[in-house]
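Next come the chains, spelled out residue by residue.
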Amino acid sequence: MGIEKLWDRLDSETRQWFVDNPGCVILPRAVVAAISKATGAELDQDRHGETVLSPSDCDFIRSEAERHDALRSEASSPR
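A brief structural summary.

## As for the overall build of the protein chain
Scanning the protein chain from terminus to terminus reveals four helices and two strands. For the protein chain, the succession of helices and strands along the chain, N to C, is α-α-β-α-β-α. Projected onto its principal axes, the C-alpha coordinates of the protein chain cover approximately 50 × 20 × 20 Å. Of all intrachain contacts in the protein chain linking residues separated by at least 6 positions in sequence, the fraction that spans at least 24 positions is 55%.

Spelled out as structure tokens, the structure:
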């Protein structure tokens, strides 16, 4: 199951982690555990408990990070 399908079910801290780390290709165990806890989804993990993101997951995360940055810039720009 892709990150895009799980996004709305993730807690705000996990979504923020993705926005803060848009270039990450391998998810640390703590993030994988947070995703599983929030969504009930079991992600494929390697022997270290890490998950490799697909290219489409990486594209989605980068898009969300860019959208978040744009919203932050709009909110902080003087009117």
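## A closer look at the environment of Asp57
Along the polypeptide, Asp57 turns up in helix 4 (residues 55-76). For Asp57, a relative accessible area of 11% translates into the label buried. Separated by 44 residues in the primary sequence, Asp57 and Glu13 have C-alpha atoms spaced 18 Å apart. Here the side chain of Asp57 touches Ile3 through a polar contact of 2.9 Å, landing on its backbone nitrogen.

## Looking at a nonpolar patch on the surface
Where nonpolar side chains cluster on the molecular surface, the patch consists of Val25, Ile26 and Val52 and spans about 250 Å² of accessible area. Looking at the element boundaries, Val52 is found in strand 2 (residues 51-52).

## A few points about the side chain of Thr39
Structurally, the position occupied by Thr39 is in helix 3 (residues 29-39). A residue is classified by how much of its surface remains accessible, and Thr39, at 11% relative accessible area, is buried. Only 3.1 Å separates the side chain of Thr39 from the backbone nitrogen of Ala41, close enough to count as a polar contact. Discounting residues that sit within four places of it in the chain, Thr39 has contacts with Leu6, Arg9 and Leu10.

Scoring rules and cut-offs
Residues numbered from 1 in each chain as written. Predicted model: local features only at pLDDT ≥ 70, side-chain atom pairs only at ≥ 80, totals over all residues. Heavy atoms only, no water. Helix = DSSP H or I, 4+ residues; strand = E, 2+ residues; numbered from the N terminus. Contact = heavy atoms within 4.5 Å. Buried < 20%, exposed > 50% of the residue type's maximum accessible area, 1.4 Å probe, protein only. Polar contact = N/O pair within 3.5 Å; in protein donor to acceptor, adjacent residues only side chain to side chain. Patch = residues over 30% accessible without salt bridge, like charges linked within 9 Å, V, L, I, M, F, W, Y side chains within 5 Å. Areas by Shrake-Rupley, 256 points an atom, 1.4 Å probe, with all protein chains shown as cover. Salt bridge = Lys/Arg side-chain N within 4 Å of Asp/Glu carboxyl O.

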